[in-house]
Amino acid sequence: QLQASGGGLVQAGGSLGLSCAASGSILSSMSFTMGWYRQAPGKQRELVAAIASGGTTNYADSVKGRFTISRDNVKNTVFLQMNSLKPEDTAVYYCNVAIRLTALNYWGQGTQVTVSS
């Protein structure tokens, strides 16, 4: 189960933070990557950022230098700090847990981020 929080409405240039707490017995026995995806109206869902259990991160080119992903391995929580937001960052943001070496993927419920110009 993934429970996301954060998001909302902000003006361009502003900042927002997202968090997502994951729970489930499989998390205690398997390595997993945590990440954030987003989907804007009329567009496909795309990867924003991901972080492996060892801390290796991966960012979409469009957010590099503006967004920072981090995770708390004790609480199984992933964070996304979004700075210098742009109107094109407007989307529904989904947290994701991908169990390593399996095809198992879990999704949060989605949270709206709206950046006004």
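What you see is a predicted model; the values in this text were computed from it and never measured.

Run through the packing of aromatic side chains, naming residues and quoting values.
Under the counting rule described, the total for this entry stands at one aromatic pair. With a centroid separation of 5.0 Å and 70 degrees between ring planes, the pair formed by Tyr 37 and Trp 107 is classed as edge-to-face. Residue Tyr 37 is located in strand E4 (residues 32-39), and its partner Trp 107 is located in strand E10 (residues 105-107); the two are separated by 70 residues in the primary sequence. Sitting over the ring of Trp 107, Arg 45 keeps its end group 4.6 Å from the ring centre. Arg 71 extends its terminal NZ or CZ atom over the ring of Phe 32, reaching a point 4.8 Å from the ring centre.

If you had to explain the sheet that holds strand E8 (residues 77-82) to someone new, which residues and values would you point to?
Strand order in the open sheet formed by four strands is E1-E3-E8-E7, with antiparallel pairing between adjacent strands. The strands lining the two open edges of the sheet, one partner per strand, are strand E1 (2-6) and strand E7 (67-72). Strand-to-strand, the axes of this sheet are offset by a mean angle of 15 degrees, without reference to chain direction. Of the strand pairs in this sheet, strand E3 (residues 16-22) and E8 are connected by six bridges, and their pairing is antiparallel. Of the residues in E8, the one forming a bridge with Leu 18 is Leu 80.

Account for the side chain of Ser 19, with residues named and values stated.
On the secondary structure map, Ser 19 appears in strand E3. Judged by relative accessible area, Ser 19 falls into the buried class, the value being 18%. Among the polar contacts made by the side chain of Ser 19, one reaches the side chain of Ser 5 at a distance of 2.8 Å. Those residues in contact with Ser 19, other than ones at most four positions away along the chain, are Gln 3, Ala 4, Ser 5, Trp 36, Thr 77, Val 78 and Phe 79.

Which residues make up the nonpolar core, and what values do they have?
Ranked by internal contacts, the top residues of the largest apolar core, which has 31 residues, are Trp 36, Leu 80, Met 82 and Tyr 93. Sorting the residues of this core by element identifies E1, E3, E4, strand E5 (46-51), E7, E8, strand E9 (91-99) and strand E11 (111-116) as the ones contributing at least two each. In terms of residue count, the dominant contributor to this core is E9 (five residues). Excluding residues within four positions of it along the chain, Tyr 93 makes contact with Leu 18, Trp 36, Tyr 37, Arg 38, Val 48, Phe 67, Leu 80, Met 82, Gly 110, Thr 111 and Val 113.

Describe unusual backbone geometry, listing the residues and the values that go with them.
In this model, Asn 76 sits at a positive phi of 50 degrees, which is unusual for a non-glycine residue. Within the secondary structure layout, Asn 76 lies in the loop between E7 and E8. With relative accessibility at 17%, the residue Asn 76 sits in the buried group.

How would you sum up the pattern of salt bridges? Please name residues and give values.
Taken as a whole and assessed by the stated rule, the structure comprises four salt bridges. Arg 38 serves as the salt-bridge partner of Glu 46, at 2.7 Å between the closest nitrogen and oxygen. Two residues, Asp 89 and Arg 66, come together in a salt bridge whose shortest N-O distance is 2.8 Å. Note that Asp 89 is positioned in the loop between E8 and E9 and Arg 66 in the loop between strand E6 (57-59) and E7, a separation of 23 residues in sequence.

Quick notes on the rules
- Residues numbered from 1 in each chain as written.
- Predicted model: local features only at pLDDT ≥ 70, side-chain atom pairs only at ≥ 80, totals over all residues.
- Heavy atoms only, no water.
- Phe/Tyr/Trp six-rings, centres within 6.5 Å; stacked < 30°, edge-to-face > 60°.
- Helix = DSSP H or I, 4+ residues; strand = E, 2+ residues; numbered from the N terminus.
- Lys NZ or Arg CZ within 6 Å of the ring centre and 35° of its normal.
- Pairing = 2+ DSSP bridges.
- Axes fitted to C-alpha atoms, helices over the stretch in contact; angles between N-to-C directions.
- Buried < 20%, exposed > 50% of the residue type's maximum accessible area, 1.4 Å probe, protein only.
- Polar contact = N/O pair within 3.5 Å; in protein donor to acceptor, adjacent residues only side chain to side chain.
- Contact = heavy atoms within 4.5 Å.
- Core = buried A, V, L, I, M, F, W, Y, C linked by side-chain atoms within 4.5 Å.
- Salt bridge = Lys/Arg side-chain N within 4 Å of Asp/Glu carboxyl O.

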